[in-house]
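# Results of the structural survey
Below are the chains, spelled out letter by letter.
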Amino acid sequence: MAGHEIPEPADRKQVADPTSSDLQAAEEARHSCDPAFRHGVVVGFDGSTSSERALAYAIGMARRSRSGLIIVHVANRLPTTVWAGCEPPVFVDVPDHRTEVLGLELACADYLTEVPWILVERGGDICHELEEVGREYSADAIVVGSTHGIVGRIFGSVAGRLARRAQRPVVVIP
């Protein structure tokens, strides 16, 4: 079973009355997940070499535990000051067609036929979004690739920040 899921953005503004039962039912439906993927393995994937290694490890982990694989791509968010020159910086979602391209590549991959999988797109902080997806799916583990280079040294690696704050096991693949 292979799939492709792109959920609604978590920061979408509500127009209806937040106390209405229809809105609460809609929110529960949006955050409900396929039972086949509950207690699955979450893996961060952006197409980089380290994320490909993490994906390979996560596939084996999901296969051994007979669970589903939740592949998460966190789309770019840029400050509006880049576009409009306004203060204070506000973050906006920039259309990221990379998720669609990754989804097509994954759908054609032979190595993903071994496990049921879905692709989830999120926008925002990578660590927060991976942990949030892990919480929503009650994931048994989160698998990420390690960050190499100057950016990881200056700002701290995603793997290091996630390992410090996650509420579930984090596997970091070199």
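Residues numbered from 1 in each chain as written. Predicted model: local features only at pLDDT ≥ 70, side-chain atom pairs only at ≥ 80, totals over all residues. Heavy atoms only, no water.

### Some points on the confidence of the model for the protein chain
Regions with low pLDDT should not have their predicted coordinates read in detail. Predicted confidence across the protein chain gives a mean pLDDT of 76, with 64% of residues reaching 70 or more. Contacts for the low-pLDDT stretch residues 25-30, under 50 throughout, to residues beyond four places or in other chains number 4 contacts. (pLDDT = per-residue confidence, 0-100. Contact = heavy atoms within 4.5 Å.)

### Quick word on the pattern of salt bridges
Evaluated as defined, the whole model comprises 7 salt bridges. R168 serves as the salt-bridge partner of E131, at 2.7 Å between the closest nitrogen and oxygen. Here E131 is found in helix α5 (residues 126-136), whereas its partner R168 is found in the loop between α7 (158-165) and β7 (170-173), with 37 residues between them in sequence. Of the two residues, E131 and R168, both sit in the buried class. Here the salt bridges share partners, and the residues they tie into one network are R122, E129 and E136. (Salt bridge = Lys/Arg side-chain N within 4 Å of Asp/Glu carboxyl O. Helix = DSSP H or I, 4+ residues; strand = E, 2+ residues; numbered from the N terminus. Buried < 20%, exposed > 50% of the residue type's maximum accessible area, 1.4 Å probe, protein only.)

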